[in-house]
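Breakdown of the fold
One letter stands for each residue in the lines below.
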Amino acid sequence: MPRVKKAMVELEMLTASAPSVEDEPLQASKGEDEIPATLCDPPKKPKKIATEKQLEAMRLGREKRDEQIKLRRQAEEEEKATQKKLLEDKIVKKAISIKKKEIKKSTLLDEISDDDTPIEEIKTVMKAKPIPKQVATVAPPAPKTQPPPPAPKAIEKQKPTFYFV
């Protein structure tokens, strides 16, 4: 309804201030440069002021939220630290196992010299200390597929015959 009232006020102002002389050209009046206060938007209502209890409740809520944020961040940091520690442990274990393999290979090579030792003696040393085989990623051989048996000749498709009259 405020728009209707506003429109009615404008209509009254226009009809009341209309000049009675029709011969005069319409010109803006020199003294009325300002818009009347009735045509302006009504003043906005001021915000409600929060009560002390409401302010206290908001303050407590903010404190609780900040505390939860801190706890979440600490938990995330601890989780990252444990994941990093586990990863480091795995890397160290793998490095140790690689180093052990290198040492085993080097000791086998040191035991076998380039002198004139008979081949039988070298074979016995190799049997006594087998070299651990490295696992190679080789695709398993594809199973042999047999071609499908040929279709029997007795069962052949017969083409339909058409008779036109």
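Residues numbered from 1 in each chain as written. Predicted model: local features only at pLDDT ≥ 70, side-chain atom pairs only at ≥ 80, totals over all residues. Heavy atoms only, no water.

Looking now at the overall build of the protein. Per the secondary structure count, the protein includes 3 helices and 0 strands. Listed N to C, the secondary structure of the protein is α-α-α in terms of helices and strands. Sorting the 165 residues of the protein into buried and exposed places 1% on the buried side. When the accessible surface of the protein is totalled, it reaches about 17800 Å², and 61% of it is carbon and sulfur. (Helix = DSSP H or I, 4+ residues; strand = E, 2+ residues; numbered from the N terminus. Buried < 20%, exposed > 50% of the residue type's maximum accessible area, 1.4 Å probe, protein only. Areas by Shrake-Rupley, 256 points an atom, 1.4 Å probe, with all protein chains shown as cover.)

Below, the discussion takes up the pattern of salt bridges. A complete count under the given rule lists 3 salt bridges for this structure. Of the charged contacts in the structure, one is a salt bridge between R59 and E56, with a shortest N-O distance of 2.2 Å. Placement of both R59 and E56 in helix α2 (residues 52-111) is noted, with a separation of 3 residues, approximately one turn of the helix. Classification of R59 by relative accessible area gives partly exposed; the value is 34%. Between R59 and E63 there is a salt bridge; the shortest N-O distance is 2.5 Å. Taken together, the residues R59 and E63, both in helix α2 and 4 residues apart, mark about one turn of the helix. One salt-bridge network, in which partners are shared between bridges, spans E56, R59 and E63. (Salt bridge = Lys/Arg side-chain N within 4 Å of Asp/Glu carboxyl O.)

So, about a positive patch on the surface. On the surface, a cluster of positive charge is contributed by K94, K100, K101, K104 and K105. With respect to the element layout, K105 can be found in helix α2. (Patch = residues over 30% accessible without salt bridge, like charges linked within 9 Å, V, L, I, M, F, W, Y side chains within 5 Å. Lys, Arg positive; Asp, Glu negative; His and termini not counted. Charge placed at Lys NZ, Arg CZ, Asp CG, Glu CD.)

A contiguous nonpolar surface patch, about 280 Å² in accessible area, is contributed by V4, M8 and L11. Relative to the assigned elements, L11 resides in helix α1 (residues 2-16). Residue L11 is classed as partly exposed on the basis of its relative accessible area of 48%.

A few words on the environment of M126. Assignment of secondary structure puts M126 in helix α3 (residues 119-128). Owing to a relative accessible area of 32%, M126 belongs among the partly exposed residues under this scheme. Along the chain, M126 and L108 lie 18 residues apart, while their C-alpha atoms are 8.3 Å from each other.

Let us look at the confidence of the model for the protein. Mean pLDDT over the protein works out to 77, with 64% of the residues at or above the 70 mark. Summarising per-element confidence for the protein, the mean pLDDT is lowest in α3 (72) and highest in α2 (93). (pLDDT = per-residue confidence, 0-100.)

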